[in-house]
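For reference, the chains in residue letters:
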Amino acid sequence: MSRRDAPTTDRPSRPAAAPTASGPDAKAPRPVARGRVEKRQAILDAALVVFAREGYDRAGVDVIAAEAGVAKPTVYNHFGGKETLFREMVLSSAIRSRESSLAAIDALPVAPADLTAELLGLAHRLAVCFRDPRAWVLQRVLVTESAHFPDLLKEVVGDGLSRITEALAGRIALLGAAGRLDMPDPVRAAAHFFALTTGEVLTRSLNGARPTEAAELDAILAAGVDTFLRAFAADRCGG
């Protein structure tokens, strides 16, 4: 028997490689499915955008769902209805903004080598928090809908700002105990610091309606810190 006529041994054949799609007919990969937490946050983010754009009365749950990239029933499964969604959106956005401000205050050392530089750094960190686009949008939404939700306005603006002011007052009190600042009322001093720095930025920018250039921002904050230290520095020389 010739080699050509010899029987061949059957071997398991390797499975053919799956064809790779390419060109105009190629399909895009499926997006990774989002979990419940991610969907909830996407809905909250979308709600802030839609409520700011449409107002509470005109904003539809279907529009919010489309903005978030979820089905309309998903919004109801997470929040039950539009009012609950609005409240959750406001509170969650306010908490994120507040936590950023509290972190900025916590970074202020209680025994700084250069008090002026540290207070200026604090002013810049707080300005970043207050000028965040989400903070601007949230503020506008709260003002616009304050007649419908006066309790939210009090909780976010009143109670929220009080916590931030009290946190700064605590730091100022420690600086006073260390002999770096001289003030009879740390809470009032903290209020003055905000008014002279971030408050002035809000006023000059028309509450976010007008952009503030970097040079203008630097000048506002430097002047605010200088005025604060002229009033409260223990040596009245800026630290």
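Residues numbered from 1 in each chain as written. Predicted model: local features only at pLDDT ≥ 70, side-chain atom pairs only at ≥ 80, totals over all residues. Heavy atoms only, no water.

## Some points on the overall build of the chain
No. 1: Helices and strands together make up the secondary structure of the chain, namely ten helices and zero strands.
No. 2: Nonlocal contacts in the chain, meaning residues at least 24 apart in sequence, comprise 69% of its contacts between residues at least 6 apart.
No. 3: A total accessible area of about 14,300 Å² is found for the chain, and carbon and sulfur atoms account for 56% of it. (Helix = DSSP H or I, 4+ residues; strand = E, 2+ residues; numbered from the N terminus. Contact = heavy atoms within 4.5 Å. Areas by Shrake-Rupley, 256 points an atom, 1.4 Å probe, with all protein chains shown as cover.)

## Section: the packing of helix α1 (residues 36-54) against helix α2 (residues 61-68)
No. 1: Two numbers describe how α1 lies on α2: the axes approach to 8 Å, and their chain directions differ by 125°. Of the possible angle classes, the one that applies to α1 and α2 is oblique. Helix-helix and strand crossings are classified by hand; for α1 and α2 the assignment is right-handed. Of α2, the residues touching α1 (which contributes Ala42, Ile43, Ala46, Ala47, Val49, Val50, Phe51 and Arg53) are Val63, Ile64, Glu67 and Ala68.
No. 2: Here the contact of α1 with α2 is composed, by residue class, of ten nonpolar, no polar and two charged. (Axes fitted to C-alpha atoms, helices over the stretch in contact; angles between N-to-C directions. Parallel < 35°, antiparallel > 145°, perpendicular 65-115°, else oblique. Left-handed = near helix turned anticlockwise from the far one by under 90°. Nonpolar A, V, L, I, M, F, W, Y, C, P; charged D, E, K, R; others polar.)

## A few points about the confidence of the model for the chain
No. 1: For the chain, the average pLDDT comes to 86, and 84% of its residues sit at 70 or higher.
No. 2: Across residues 1-32, confidence stays below pLDDT 50; counting only partners more than four residues off in sequence or on other chains, it has four contacts. (pLDDT = per-residue confidence, 0-100.)

## Considering the packing of aromatic side chains
No. 1: By the definition in use, this model includes eight aromatic pairs.
No. 2: Aromatic pair phenylalanine 51 and tyrosine 56: ring centres 5.8 Å apart, planes at 15°, arrangement stacked.
No. 3: When its relative accessible area of 12% is taken as the criterion, tyrosine 56 is described as buried.
No. 4: These aromatic residues form a ring-pair network of at least three members: Phe51, Tyr56, Phe86 and Phe149.
No. 5: Positioned above the aromatic ring of tyrosine 56, the side-chain terminus of lysine 82 is 4.6 Å from the ring centre. (Phe/Tyr/Trp six-rings, centres within 6.5 Å; stacked < 30°, edge-to-face > 60°. Buried < 20%, exposed > 50% of the residue type's maximum accessible area, 1.4 Å probe, protein only. Lys NZ or Arg CZ within 6 Å of the ring centre and 35° of its normal.)

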